[in-house]
Amino acid sequence: SNMTEPEGIRLQKVLAAAGVASRRASEILIAEGRVEVNGTVVSEQGRRVDPERDTIRVDGARIPPPRHHRYLVLNKPRGVVSTMEDPEGRRTLADYLPRKTERLFHVGRLDTETEGLIILTNDGEFAHRLAHPSFEIPKTYVAEVAGLVEQRTLRRLEKGLRLDDGPVKPDRVKLISRGESRSLLAITLHEGRNRIVRRMMDSVGHPVDRLARTAIGPVRLGQLAVGTTRELSRQELGALLDLAGM
């Protein structure tokens, strides 16, 4: 390359490579003042950036840097241990990952009997930060519980409960359906104490029969089939990098 060539890559090329818009459409986004680099709106075309180090946003949404790591979402089946290997020979996360996947860290384990959303990555710093209690990323669970859950019980759950290891107050409790013998609830909470949803429901007399995690922050399980994986979307990864302060 020519010695006089300035450092970095043209912004519209970075946006096109990230799948935001074509180069031409990216130029329009820039002209409309909708693109920021490191917190400042960019107005000139052809601005050069370092996609690894610069924080780029379009309409406020973070555009993640090019991926050198894998970021997977798994819909963990019931009865699968949240580890990569198990001395007792039970099924593990490794049994559900694409072939030849290098060592991955999981972000927020799930009980063996709980199914649903788990994030797996080989980006150790990302995993470590997201798992740290200070980040308090909300997680949503759908619980099928025994018995007919009354309005007053929902109110008790929303107000918060005292458990033996301290209080718990969910962000949101929503009744999905109820019948004589079973009810379905969606519960969103910030914390990750062990078996917290099961213990909450035990304490109000409605033990959990089935439990699935359906969301971690901006990441939704959606229509992902049990036992299958997908890559994190650009939107999900950008939002998680922001939450993790990376």
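Here's a quick rundown of the structure. Being a predicted model, the structure only gives us computed values, none of them experimental. (Residues numbered from 1 in each chain as written. Predicted model: local features only at pLDDT ≥ 70, side-chain atom pairs only at ≥ 80, totals over all residues. Heavy atoms only, no water.)

In this section: the overall build of the protein. Tallying secondary structure elements over the protein gives 6 helices and 17 strands in all. Judged by the C-alpha coordinates and their principal axes, the protein covers about 75 × 40 × 30 Å. Counting over 246 residues, the protein shows a buried share of 41%. Surface accessibility of the protein: about 13300 Å² in total, with carbon and sulfur atoms responsible for 49%. Averaging the locations of the 41 positively and 34 negatively charged side chains of the protein gives two centres separated by 3 Å. (Helix = DSSP H or I, 4+ residues; strand = E, 2+ residues; numbered from the N terminus. Buried < 20%, exposed > 50% of the residue type's maximum accessible area, 1.4 Å probe, protein only. Areas by Shrake-Rupley, 256 points an atom, 1.4 Å probe, with all protein chains shown as cover. Lys, Arg positive; Asp, Glu negative; His and termini not counted. Charge placed at Lys NZ, Arg CZ, Asp CG, Glu CD.)

Residues of helix α3 (residues 124-131) that are buried include every one of F126, A127 and L130, and no others. Along α3, the residues classed as buried sweep out an arc of 100° about the axis, all on the same side. Packed against the buried residues of α3 are β7 (71-76), β8 (105-107), β9 (115-121) and α6 (234-243). (Arc of directions from axis to C-beta. Contact = heavy atoms within 4.5 Å.)

A few words now on the pattern of salt bridges. Evaluation of the coordinates by the stated rule reveals 20 salt bridges. Residue E231 is joined to R67 by a salt bridge in which the shortest nitrogen-to-oxygen separation is 3.8 Å. With a gap of 164 residues between them, E231 in strand β17 (residues 229-231) and R67 in the loop between β6 (61-63) and β7 connect regions that are remote in the sequence. Since its relative accessible area comes to 34%, R67 is described here as partly exposed. For the salt bridge of E231 with R70, the shortest nitrogen-to-oxygen distance reads 3.3 Å. (Salt bridge = Lys/Arg side-chain N within 4 Å of Asp/Glu carboxyl O.)

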